[in-house]
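Listed below, chain by chain, are the residues.
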Amino acid sequence: MAAVRALRVAVRQRPGLGPAGLRALWGGRSRKEERAVEAAGVVPEQEERSEPSLNQPPPRRRSFVPPEDLQSCLESHVREVFGPSVPQDWQQAPLQEKRLKHRLLAGLAAELGLAVPNSQLHHMRRAGDVLGFYRSPVSGGSKMDELAAAELPPNLKIVWQQ
């Protein structure tokens, strides 16, 4: 309502902004112009919608299978990063200091090929938490790939257009 009132005040203050000026301001056409376009047989261009389309599947994640020597690899990284201050049980080593946590996780990501996602970083409070993360395998496909491969009801189909 306030916008309409402000527009009416602007029209009164500026005599050049009548109905035709307002249509030009808002990008509209007069009825005469629309009839002339229809009579000429020219189809006005429709504005493209800016909605995201699902023409392609989302990018695939890389699969990860934990190596057999994961525990020894992680232990060596922890001992390298923490130095002599590593507790007797290295899995209880705290990751409170951000610099040490970054060095440990960056080294593991480079060696193992899987980085801890940002959404999981706050869960990594000890070296044992990092071990738990890297123990779980990661499948290479996306959720949409899994849905497409699963047995779906007959009224549901997933088709990617390419």
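An unreviewed UniProt entry annotates the protein as Large ribosomal subunit protein mL50 of Zonotrichia albicollis. We quote the UniProt Subcellular location (unreviewed entry) comment for the protein here in full: "Mitochondrion". UniProt, in its Sequence similarities (unreviewed entry) section for the protein, records the words "Belongs to the mitochondrion-specific ribosomal protein mL50 family."

Colleague: Which residues make up the packing of aromatic side chains, and what values go with them?
Modeller: Applying the stated rule across the entire model yields two aromatic pairs. Between Phe64 and Tyr134, the aromatic rings sit 6.1 Å apart at their centres with planes inclined by 70°, giving edge-to-face as the arrangement. Note that Phe64 is positioned in the loop between helix H3 (31-40) and helix H4 (70-82) and Tyr134 in helix H6 (residues 127-135), a separation of 70 residues in sequence. The residues Phe64 and Tyr134 share a single accessibility class, namely buried. On the numbers, 5.1 Å between centres and 80° between planes, the contact of Phe133 with Tyr134 is edge-to-face. Judged by relative accessible area, Tyr134 falls into the buried class, the value being 1%. Counting every residue linked through ring pairs, the aromatic cluster contains Phe64, Phe133 and Tyr134.

Colleague: Help me get a handle on the packing of H4 against H6, residues and values and all.
Modeller: One way to put it is that H4 packs onto H6 with a least axis distance of 11 Å and a crossing angle of 145°. Handedness of the H4/H6 crossing: right-handed. Residue-level contacts link Leu70, Gln71, Leu74 and Val78 of H4 to Ala127, Val130, Leu131, Tyr134 and Arg135 of H6. A per-class count over the contact of H4 with H6 returns seven nonpolar, one polar and one charged.

Calculation notes
- Residues numbered from 1 in each chain as written.
- Predicted model: local features only at pLDDT ≥ 70, side-chain atom pairs only at ≥ 80, totals over all residues.
- Heavy atoms only, no water.
- UniProt positions renumbered as here; feature names shortened; annotations may be inferred.
- Phe/Tyr/Trp six-rings, centres within 6.5 Å; stacked < 30°, edge-to-face > 60°.
- Helix = DSSP H or I, 4+ residues; strand = E, 2+ residues; numbered from the N terminus.
- Buried < 20%, exposed > 50% of the residue type's maximum accessible area, 1.4 Å probe, protein only.
- Axes fitted to C-alpha atoms, helices over the stretch in contact; angles between N-to-C directions.
- Left-handed = near helix turned anticlockwise from the far one by under 90°.
- Contact = heavy atoms within 4.5 Å.
- Nonpolar A, V, L, I, M, F, W, Y, C, P; charged D, E, K, R; others polar.

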